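Summary of the model geometry
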Amino acid sequence: MTAQNTAVDLLRTLTGADPEGVWSAPGRVNLIGEHTDYNEGFVLPFAIPHRTYAAVSRRRDGRIRVASTFAETPVEAGIGELAALFPSHDGLRVPEWSAYPLGVAWALSAAANDASALPGLDIAIASDVPIGAGLSSSAAIEGATGAALNALWGLGLDAVALAQAGRKAENEAVGAPTGIMDQMSSMLGRADAATFLDCRTLRAESIPTGFAPAGLEVLVIDTRVEHAHATGGYRDRRAACERGAAIMGVPALRDLHPSDLPRAAELMDDATFRRVRHVVTEDQRVLDTVVALREHGPRAIGDLLIASHASMRDDFEISVPELDAAVDTALAAGAVGARMTGGGFGGAAIALVDRERVGAVSEAVGRAFADAGFAAPHTFTVTPAAGPRRDA
Ligand code: ADP
Ligand code: MG
């Protein structure tokens, strides 16, 4: 059964009737530009064909009920009570998954003229975006919910405003300190194009990727090692970046150029310096990738992908053995380029591969994982896909 039908069935179970509508939003992979978003730098992600669906109906009272395929029971709250649910993520008073859609409702209710006049909602969610794999199932659930509420609450918000509401939900309701990249890439997705985003100005430009005409596919290798944004090393890396920017006397690492790195090396401890060097060189690699795509096409970006992975492995130290094995094996099996994608500490890698070599690369990665005693990876190809839409 498709995720869309699953969402509709779940809504019927919840309300006994068909939904008023179904909206969806895609997950994403990041082609290049990792941990640059919260440093106000550059990213180049694209939306993928995997989507999260929200089947939604309005209610007469001002209450919101959310249900998802991976929770036994729906979660319910009054629109006016939402703010009190998320005082901070330590004090989260609802199951974490429900803080994504309820957080979006909370963020969007602030955009209404009179929040007390908003109708309540029943929302049922199902997804075919792999969860916790670095493919941003979080932005997909935020985008699907945001698109539905924008329509049913008559808010008339644009894609950027909906992306900002998703980020607010993720940061302040869930308590995951993520940047704006995921939401923007989901909301601004276009077929056969990546989104070149300046995370300081939120200026975005679609860059044609040209994978298909060049005979290339993007192979996703989901290691199935689950990452956890709200905890773990992500906060620590953010703190190191803020420390580095403060030492250099700039508002954000975005304001540094690779030529500033020798001075940075003198001013900070080695670990902080390597975090800074990753971000500064990664920003430059995004700019170089955009130029390479425009001037020479996708075959010209392989070395930039490879350099990006090395920087994340050695300088930012966010790779794991499974991701390194995926990248090394894909390259050895003939991939044009490969890198881990997403926040790190697990999740997925991407490999840019000649169409006729996709099978061989997948098999080689599967064999390498088996030999190393890792769980079998999920491998599948993705093409750059469109952003949110109404499906029914
Ligand atoms: P990623 O975005 O890489 O998939 P995150 O940790 O950012 O990983 O987001 C995953 C979390 O988002 C899940 O643990 C869950 O809380 C929430 N989520 C995503 N998709 C759904 C869904 N279909 N139903 C309920 N919650 C979801
Ligand atoms: Mg996420």
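Thresholds, definitions, all that
- Residues numbered from 1 in each chain as written.
- Chains lettered and ligands numbered in written order.
- Predicted model: local features only at pLDDT ≥ 70, side-chain atom pairs only at ≥ 80, totals over all residues.
- Heavy atoms only, no water.
- Helix = DSSP H or I, 4+ residues; strand = E, 2+ residues; numbered from the N terminus.
- Buried < 20%, exposed > 50% of the residue type's maximum accessible area, 1.4 Å probe, protein only.
- Contact = heavy atoms within 4.5 Å.
- Pairing = 2+ DSSP bridges.
- Domains from an automatic or database assignment.
- Buried area = accessible area lost by both parts, 1.4 Å probe.
- Salt bridge = Lys/Arg side-chain N within 4 Å of Asp/Glu carboxyl O.
- Polar contact = N/O pair within 3.5 Å; in protein donor to acceptor, adjacent residues only side chain to side chain.
- Nonpolar A, V, L, I, M, F, W, Y, C, P; charged D, E, K, R; others polar.

1. Some remarks on the environment of Asn-150
- Secondary-structure assignment places Asn-150 in helix α4 (residues 137-152).
- Looking at Asn-150, the relative accessible area reads 13%, which means it is buried.
- A C-alpha to C-alpha distance of 15 Å links Asn-150 and Ala-392, two positions 242 residues apart in sequence.
- The residues contacting Asn-150, other than those within four sequence positions of it, are Leu-155, Gly-156, Leu-157 and Leu-162.

2. Some details on the pairing of strand β9 (residues 337-341)
- Counting buried positions along β9 yields five of five residues, so the element is predominantly enclosed.
- When β9 meets strand β10 (residues 348-354), the two strands line up antiparallel, connected through five bridges. Considered in β10, the bridge of Gly-337 is made with Leu-352.
- Hairpin connection of β9 to β10: six residues between the antiparallel strands, including Gly-342 at a positive phi of 95 degrees.

3. Description of the domain arrangement of the protein
- Splitting the protein by domain gives domain 1 (3-207) and domain 2 (209-382).
- Spacing between the C-alpha centres of domain 1 and domain 2 amounts to 26 Å.
- With 42 residues of domain 1 at the interface, the matching set in domain 2 holds 49 residues.
- Of the roughly 3600 Å² buried between domain 1 and domain 2 on both sides combined, carbon and sulfur atoms contribute 64%.
- Where domain 1 meets domain 2, there are four salt bridges.
- Residue Arg-200 pairs with Asp-255 through a salt bridge whose shortest N-O separation is 2.8 Å.
- The tally of links from domain 1 across to domain 2 stands at 20 residue pairs in polar contact (both at pLDDT 80 or more).
- Contributions of two or more residues to the side of domain 1 that touches domain 2 are made by β1 (21-32), β2 (42-59), α5 (159-174), β6 (193-198) and β7 (203-208).
- No other element matches the seven residues that β2 contributes to the side of domain 1 that touches domain 2.
- Taken together, the residues that form the side of domain 1 that touches domain 2 break down as 20 nonpolar, 13 polar and nine charged.

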